[in-house]
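Listed below are the residues making up each chain.
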Amino acid sequence: MEPYWAGLGHSGPAATPRRDQDGALRGGAAGRRMAKLLVPLVVLGAVAGGPPRCPPRCLCPAAAPSPTLLCARTGLLAVPPLLDRGAVELRLADNFIGAVGRSDFANMSSLVHLTLSRNGLRRLAPGAFADLRALRALHLDGNRLPALSGAQLRGLANLRHLILANNQLAAIEPAAFAAFAATVEDLDLSHNNLPALPWDAVASMASLATLTLDHNLLERIPAGTVARLPRLARLDLTANRLRALPPVPGPPGPTLAAGGNPLHCNCELLWLRRLAQPDRLESCASPAPLAGRLLWAVPEEELTCSAPAIAAAAAHPPAVIEGQPLTLVCAAGGDPPPALHWLGPDGRLVQNGSRRAVGQDGTLELRVATLGDHGAFTCVASNAAGEAAARVAVAVLPLPVPHGDAGDDGAGGAAAVGPGASDMARAGGNETRAPGERRVVAAEVTAASARIRWLPQRHVPGVRVFQIQYNSSGDEAPVYRLLPPSSRSFTLRDLAAGREYELCVAALQGAAPPLTHPLGCVRFSTAAASPASPPGCAALPRAHFLGGTAIIVIGAAIAASVLLFILILTARYKAAAASRRLPALTSACSQTNGAHRSPEPEPEPEPPAGAAAAVAVPLGAPLAVGSGSHSFPRRARTRRHGSLPRLDRGGDAAPALRPSFGSTHWVLESTV
């Protein structure tokens, strides 16, 4: 077949190859540009829509039932940044990760198992695991963590297993276990340097089943700690420094391992001796006759205790002036070593406070002695075999206050100077004394307040602040107030009615540490509450009362204003409704079905000239037509249905309602 250009002359075949070559060149350039645009789009689509990328050096098995990242023993120096945030298991053990940052595990809310063992980990950033809400197992063993704080393990609300063995832990804050105290079942703190534990936090772990504490430096376990763990099944205390063990509940009770401790074998370990079996390794380190023997091989009669005996009890110094410090010492012996405590002159147990402190060795320090400390303190030593007591006499002399009185003989003799009675021995506020005689005075004493005054202390240089300390007879804990050096009086408020208060004033001088210069003490009693007043109302301050009254008055004024506004709106609405003229409405009853409709208003037709007046014909009466007269169609009068109200009445007097008729009557009347 001849080509189509054969009949076009010589120019057709010669020009066609040239055009094809130019088109091919242009098409190749356009294709290259299109390829450059499509390659980035394809790559982005593969990254966004494809499966999560596996971090370098890690294995991501596709056959695993859940997303798993295996990055163990890959030489990692940090947590890989390109982690699948939807992973369920992540293993980073046996690497060189030295720190975990706040964002390393961010948004990994599906992670259930995390392993960071044997990494040389030294630092955990606060909140490093805050997003791991579903984590159940955390392995941090074989690292170099020095301590644990409350913020480092925050957010682990569902943690079941916490492994912290083989670290360098020397301290753990009580708040470190707060996030998972109700859920943790396995806690491993073995092979650390812990001298103590936050035992109250450990005792709050209601679901704890395994507690591993072996190879630490524990010296004491508080009594009752183990008994507060109802689900504990295994307790390992091997290789610590425990000389005594608190009783473990049972049988059946938790499995206990306590070998390698320097136990002091006496009557306190009878419960462990009765649980001992030949395969147990608990041994005695003391007393000397039992040293080196296995506990299960020691007869029960050799595990004895001795009652305490007080060797020395004394006060240093034995007599002081009120306001000065005083120290009481007590030494006692027994097996086991007895616990020491003190009873005050009033027979009450002395507790640590701002004015009194009891040391671990039984030493009682009175930082500021008062006349209430005058008398005999009792040192009590007690252990499992009994108790002993010794009395220590303490003499607290009244603070000497110089005063002078004018002679009664009128001779104007010199004022006698001598020691006066202590301020604490007098109930202040109701005694008449010469001005300036007493250093501290309690005046204006009521049921809820008292005003304290003291003399200017010009002879005490460098006074920085005044310190007021007081407590009531019903509360041993003292209350402190610090006042500027220019103060000369202070009003105590919110006092309890009918109580006796003991108050002391001291000047703190500017030194490091500040020196305390006692000014004096005073005792006073608040008035009894009025029987007519309810509890808590008799001593209501006037300012509080006035403030409450003002609030009530303001609230009542606001309520009255709102009510008045509502009444004005209601009155205006009623007036507007009464003055508005309603449109005239009529209702007609249909011939067929009596349906209501609103007809158009019709003008009343004018009667024709010469027409006879309409005569009302009763219903059913015959009609008489006069001769010579012509009848004309009578306009059908619209009857209102009886069930509708008449709205188009005018005038003030309301006419009587017309009787209502049915559709049949309407037809008859229309015909007429």
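Calculation notes
- Residues numbered from 1 in each chain as written.
- Predicted model: local features only at pLDDT ≥ 70, side-chain atom pairs only at ≥ 80, totals over all residues.
- Heavy atoms only, no water.
- Pairing = 2+ DSSP bridges.
- Helix = DSSP H or I, 4+ residues; strand = E, 2+ residues; numbered from the N terminus.
- Axes fitted to C-alpha atoms, helices over the stretch in contact; angles between N-to-C directions.
- Phe/Tyr/Trp six-rings, centres within 6.5 Å; stacked < 30°, edge-to-face > 60°.
- Buried < 20%, exposed > 50% of the residue type's maximum accessible area, 1.4 Å probe, protein only.
- Disulfide = S-S within 2.5 Å.
- pLDDT = per-residue confidence, 0-100.
- Contact = heavy atoms within 4.5 Å.
- Salt bridge = Lys/Arg side-chain N within 4 Å of Asp/Glu carboxyl O.

Pairing within the open sheet is antiparallel, and its 3 strands lie in the order β24-β25-β28. Each end of this open sheet is capped by a strand with a single partner; those strands are β24 (440-443) and β28 (489-492). In this sheet, adjacent strand axes meet at a mean angle of 20° when their direction is disregarded. Alignment of strand β25 (residues 450-454) against β28, held across 4 bridges, turns out to be antiparallel. Within β28, the position partnered with Arg-453 by the bridge is Ser-489.

Quick look at the packing of aromatic side chains now. By the definition in use, this model includes 5 aromatic pairs. Residues Tyr-470 and Tyr-501 carry aromatic rings whose centres are separated by 6.3 Å and whose planes lie at 55° to one another, so their mutual orientation is tilted. Of this pair, Tyr-470 sits in strand β26 (residues 463-472) while Tyr-501 sits in strand β29 (residues 500-509), and the two are 31 residues apart along the sequence. Judged on exposure class, the residue Tyr-470 and its partner Tyr-501 are both buried. When the centroid spacing of 5.7 Å and the interplanar angle of 15° are considered together, the rings of Tyr-501 and Phe-524 count as stacked.

Looking now at the state of the cysteines. Under the defined criterion, the tally for this structure stands at 6 disulfides. Disulfide pairing places Cys-267 opposite Cys-305 at an S-S distance of 1.7 Å. Because the sign of the S-S torsion sets the handedness, a value of about -100° for the bond joining Cys-267 and Cys-305 places this disulfide among the left-handed ones. Within this pair, whereas Cys-267 is found in the loop between β14 (263-264) and α3 (270-275), its partner Cys-305 is found in the loop between β15 (284-286) and β16 (306-316), the two being separated by 38 residues in sequence. Each disulfide pairs two cysteine sulfurs, and for Cys-504 the partner residue is Cys-521, the sulfurs being separated by 2.1 Å. Here Cys-504 and Cys-521 share a disulfide; its torsion about the S-S bond, 105°, makes the bridge right-handed. Of this pair, Cys-504 sits in strand β29 while Cys-521 sits in strand β30 (residues 515-525); the two residues are 17 residues apart in sequence, bridging distant segments of the chain.

What follows is about the confidence of the model for the protein chain. The pLDDT averaged across the protein chain works out to 76; a share of 67% of its residues lies at or above 70. Across residues 607-633 the pLDDT falls below 50, and counting only partners more than four positions away or on other chains, this stretch makes 5 contacts in the model.

Here the focus is the pattern of salt bridges. Any two side chains of opposite charge can pair, so long as their charged atoms come close to each other. Throughout the structure, instances matching the rule amount to 15 salt bridges. In this structure, Glu-185 engages Arg-160 in a salt bridge whose closest nitrogen and oxygen atoms are separated by 4.0 Å. Of this pair, Glu-185 sits in the loop between β9 (171-172) and β10 (186-188) while Arg-160 sits in the loop between β7 (147-148) and β8 (161-163), and the two are 25 residues apart along the sequence. On the basis of relative accessibility, which here comes to 34%, the residue Glu-185 falls in the partly exposed class. Among the salt bridges present, the one from Glu-282 reaches Arg-280, with a minimum N-O distance of 2.8 Å. Each member of the pair, Glu-282 as well as Arg-280, carries the same accessibility label: buried. In this structure, a network of salt bridges that share partners links the residues Arg-73, Asp-94, Arg-118 and Asp-141.

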